[in-house]
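The lines below spell out each chain.
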Amino acid sequence: MRWRRTFFALCLSASSVTSNTNYVPSAISAERYNEDLFIRPLLDGRVATTFTFTTDLLGNVPQDSESFGQHYTLFPLTLGQILKEYSITELHLTLNSGKWNYDHWGYPDDPSVGTGAELWAWMIDGPSATVDERWTGLRNALAGLFCASLGSLDTRRTSSPSTVFPISFSPSIPHALRYASLPSENVCTENLTPFVKLLPCKSRAGLAALLNPQRIFDADWHGLSVHLRSTERGTELKLGVQAVFDPVRLSGGRRRDWSFRLLFDRIIHDSCSVATSSVVRVQLRDSQSYTLSPASVVDDKVMAMYNLMTQAPLDVSMSWPHEHTFQYRTHADISPEAISHVHQSRLTPLSIQRTLHGSSQIHGHLFVALTNNGDHDIVIGYFENLPALVTLWMHTMKIKVDGVERNELISNVLYHPHHALANGQKSPSTLQAILTIPAASTLHLSMEISRAFLKYTEHPPDAMRGWDLPPAILFPVCEPATSICGTQNTSSGIQGRMYTPTLLIDLPTPDFSMPYNVIIFSCTLITLIFGSIFNLLTRTWVVVRVED
């Protein structure tokens, strides 16, 4: 009986420790959790918000199954198990809805803003299981974790563009990359719910309390992201939520004033007790006619900062009291000095257009227009990852600037056409090249395409809608001397990846009403024939005498 009482006391003490939310275990010393909310008012009256939840696992590598166990306090156990099972060194997953407007919104805080689902991962090339087998397991595991259709990212959409998505460190052992995208994937509440469960305080406290699904998914653009990479200190996990709200629309089309209550229909009541830092940052506008509440510490009149650890509850608001009706301001209405001082980091040097032309269901033309908005030539990389629905004819590629062919502006062209796989499917075709866009000019890239003729069993239920083609990707070109990609020197390149809009392609579609018509016609014909033969076989012909 004595050992039973001792065991009961130990269980009771353990339960009391775990039930106390203010208690910080000793294991937390190897883990750090930080929250950040960046709010950026835009020129068109919209407000861009970026939530970043960072968890640092110091001195621990989840994919190393030999040296460390999976004992986490703040780091999500489910993600740790996935990293260990499939030997993942770097993982990036995004689920976005909408079209990011680079011309009016500038560079996003998270460059992965392609429409739909995008997944790419660097895996250790050492375990006995092949990379493709582990890639399949990774897709299925993430699909179950985030309730997304990531299982559709099969071999028909998978490629390995290591130049476009370089690894973030110099590995000492071989690694392999797998990349796939699904532009037709939508993000909704069933994705946000498991996403919030990965946070230490869930949505009960901290910045995550503002993640109201009804407001997040009502935004003009919204997306979820999971970025996990290995660093010198250990493993870094960044969970992000981006959204672009339109307070002018929410206010009935009159004012651009915004607040936490207006944007999220919530305020922050408590801070997350396990967070090392919890900060709200608001980028200040060039105009001094606004009013920001409550008061904050202002750094160089560019950024307002709020410390949630000492200022909870918090409801930040920005208003323009002297502005009765918001009027959209173009760049021509703003002084060049103000643009260069405040919005230089947000303006993109390129404007992108990508369209499909052609009325035939078999042939067509792909057009890409890249406009250089600066005074210096821009050198960028161009990448296409197209499923076997489309075939690119490289001999028809043309590069024109102001109507004149300039084929010398394209170099290092790598094209891998689609080919048949062992499972009967076809791999995607990839196109990668380096483009030089002259200053203050528009480069037009065009080529002929052919649309695939699918079997009637390969069409989706909404075949008449068409098929979504993934966006093309513009990426910074690495410097040969330093092998550094994505430098901040926008005079010769771009800061990060840029995504073109997705395309909707119409393939040759059979008339799915024909089976119904054939069934009706056959049944009618059989009825007529059967009825006639049945009458001939069963009826008896007799002579009926009619008396006068």
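In this report, we go over the structure that sits alongside the text.

In this section: the packing of helix α2 (residues 77-86) against helix α4 (residues 131-146). It is at 10 Å that the axes of α2 and α4 come closest, and there the two elements cross at 170°. Classified by the angle between their axes, α2 and α4 sit roughly antiparallel to one another. Along the contact surface, α2 presents Thr78, Leu79, Ile82 and Tyr86, while α4 presents Arg134, Gly137, Leu138, Ala141, Leu142 and Leu145. Of the residues assigned to the contact of α2 with α4, the class counts are 7 nonpolar, 2 polar and 1 charged.

Moving on to α2. The complete set of buried residues in α2 reads Leu79, Gly80, Ile82, Leu83 and Tyr86. Projection of α2 onto a plane perpendicular to its axis shows the buried side chains occupying an angular sector of 160°, all on one side. For α2, the elements touching its buried residues are β3 (88-97), β4 (116-124), α4, β6 (221-230) and β7 (234-245). Positive phi shows up at Ser87, right after α2, with a value of about 55°.

With that out of the way, let us pick up the environment of Asn412. Residue placement: Asn412 occurs in strand β19 (residues 410-416). Asn412 sits 20 residues away from Gln432 along the chain, and the two C-alpha atoms are 7.7 Å apart. Here Asn412 is in contact with Gln432, Ala433 and Ile434, once residues within four sequence places are set aside.

On to the nonpolar core, then. Here is a general trend for soluble globular proteins: nonpolar side chains tend to be buried in one another's company. Membership of the largest hydrophobic core comes to 76 residues, with the highest contact counts inside it found for Phe51, Phe53, Leu138, Phe195, Trp258, Phe260 and Val280. In contact with Phe195, other than residues within four places in its own chain, are Phe146, Leu224, Ser225, Val226, Leu239, Gly240 and Val241. Among the nonpolar cores identified, the runner-up in size contains 56 residues, and Tyr102, Ile380, Ile399 and Leu454 belong to it.

Throughout the structure, instances matching the rule amount to 1 disulfide. Note that Cys201 is cross-linked by a disulfide to Cys272, the S-S spacing being 1.9 Å. Negative torsions about the S-S bond denote left-handed disulfides, and the value of about 75° found for Cys201 with Cys272 makes this one right-handed. One end of the pair, Cys201, is in the loop between α5 (189-196) and α6 (213-216); the other, Cys272, is in the loop between α8 (260-264) and β9 (277-283), with 71 residues separating them in the sequence. Here the two residues Cys201 and Cys272 agree in accessibility, since each one is buried. For Cys188, which is in no disulfide, the shortest distance to another cysteine sulfur is to Cys147 and amounts to 8.7 Å.

Below, the discussion takes up the pattern of salt bridges. Taken as a whole, this structure holds 13 salt bridges when the rule is applied. In this structure, the salt-bridge partner of Asp44 is Arg46, at a minimum N-O distance of 2.8 Å. Take Arg46: its relative accessible area is 22%, and that puts it in the partly exposed class. The salt bridge involving Asp468 is made with Arg465; its shortest N-O contact spans 2.9 Å.

The rules behind the values
- Residues numbered from 1 in each chain as written.
- Predicted model: local features only at pLDDT ≥ 70, side-chain atom pairs only at ≥ 80, totals over all residues.
- Heavy atoms only, no water.
- Axes fitted to C-alpha atoms, helices over the stretch in contact; angles between N-to-C directions.
- Helix = DSSP H or I, 4+ residues; strand = E, 2+ residues; numbered from the N terminus.
- Parallel < 35°, antiparallel > 145°, perpendicular 65-115°, else oblique.
- Contact = heavy atoms within 4.5 Å.
- Nonpolar A, V, L, I, M, F, W, Y, C, P; charged D, E, K, R; others polar.
- Buried < 20%, exposed > 50% of the residue type's maximum accessible area, 1.4 Å probe, protein only.
- Arc of directions from axis to C-beta.
- Core = buried A, V, L, I, M, F, W, Y, C linked by side-chain atoms within 4.5 Å.
- Disulfide = S-S within 2.5 Å.
- Salt bridge = Lys/Arg side-chain N within 4 Å of Asp/Glu carboxyl O.

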